[in-house]
Amino acid sequence: MSLKDRLRDDSIAHLKAGNELEKTTLRNILSAIGTKEKSGKNPSELNDQDVETLLRKEVGNREETAALAAKDGRTDLAERELAEAAFISTYLPKMLEEAEAQSIVDRIMGELAADHELTMKDMGQAMKLVGAEIAGRFDGKAVSQMVRAKLA
């Protein structure tokens, strides 16, 4: 079952259960997915990785709105936005710890080094392989620095 299908099914379940926050949040997310799929010259269906990216963006938007609301003294709005962000986060894969990300980088770099001595020319290939495995579960800039350290 795709992530988008899971969101749809959960939306129906929360509708039937009368869970207002979850129902509204999922409807907003599904609407954002639909808008993204229909935008541009060539409409296309989002895959799970694209949906995860959109969910991360939605979490960030809600956290930013919560911070602004709290700054303006609107604690009710801030609490709701944070609750929505926490709920959306349940659909995202667990973020990696730095040690976990480093071990993935070490393993992949070791596999690449088995063929030949690594140079900076291998940066693109290494980032492609590491990026495919880490896929948004750790800061991309930090991953790039870990790979670069192995090449230098």
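What counts and how
Residues numbered from 1 in each chain as written. Predicted model: local features only at pLDDT ≥ 70, side-chain atom pairs only at ≥ 80, totals over all residues. Heavy atoms only, no water. Helix = DSSP H or I, 4+ residues; strand = E, 2+ residues; numbered from the N terminus. Rg over C-alpha atoms; globule rule 2.2 N^0.38 Å. Buried < 20%, exposed > 50% of the residue type's maximum accessible area, 1.4 Å probe, protein only. Salt bridge = Lys/Arg side-chain N within 4 Å of Asp/Glu carboxyl O. Contact = heavy atoms within 4.5 Å.

- In the annotation of an unreviewed UniProt entry, the entry for the protein chain reads Yqey-like protein, and the organism field reads Glutamicibacter arilaitensis.

**Section: the overall build of the protein chain**
Piece 1. Secondary structure assignment for the protein chain yields seven helices and zero strands.
Piece 2. Counted from the first residue to the last, the protein chain has its helices and strands arranged as α-α-α-α-α-α-α.
Piece 3. Against the globule reference of 15 Å for 152 residues, the protein chain gives a C-alpha radius of gyration of 19 Å, more extended than a compact globule.
Piece 4. Projected onto its principal axes, the C-alpha positions of the protein chain cover 60 × 40 × 30 Å.
Piece 5. A buried classification covers 35% of the 152 residues belonging to the protein chain.

**Focus on the pattern of salt bridges**
Piece 1. Considering all chains together, one arrives at 11 salt bridges under this definition.
Piece 2. We note a salt bridge from E37 to K4, for which the minimum N-O separation is 2.5 Å. Of this pair, E37 sits in helix α2 (residues 20–38) while K4 sits in helix α1 (residues 3–17), and the two are 33 residues apart along the sequence. We note that E37, like K4, is buried.
Piece 3. Close ionic contact of E111 with R107 constitutes a salt bridge, the shortest N to O distance being 3.4 Å. One end of the pair, E111, and the other, R107, are both in helix α5 (residues 98–113), four residues apart, so they sit about a helical turn from each other.

**Description of the environment of R6**
Piece 1. Here R6 shows up in helix α1.
Piece 2. The class of R6 is partly exposed, set by a relative accessible area of 34%.
Piece 3. What R6 contacts, discounting residues up to four positions off in sequence, is M1, T90 and Y91.

**Points about the side chain of H14**
Piece 1. With respect to the helices and strands, H14 occurs in helix α1.
Piece 2. Leave out the neighbours within four places in its chain, and H14 touches N19, E22, K23, L26 and F87.

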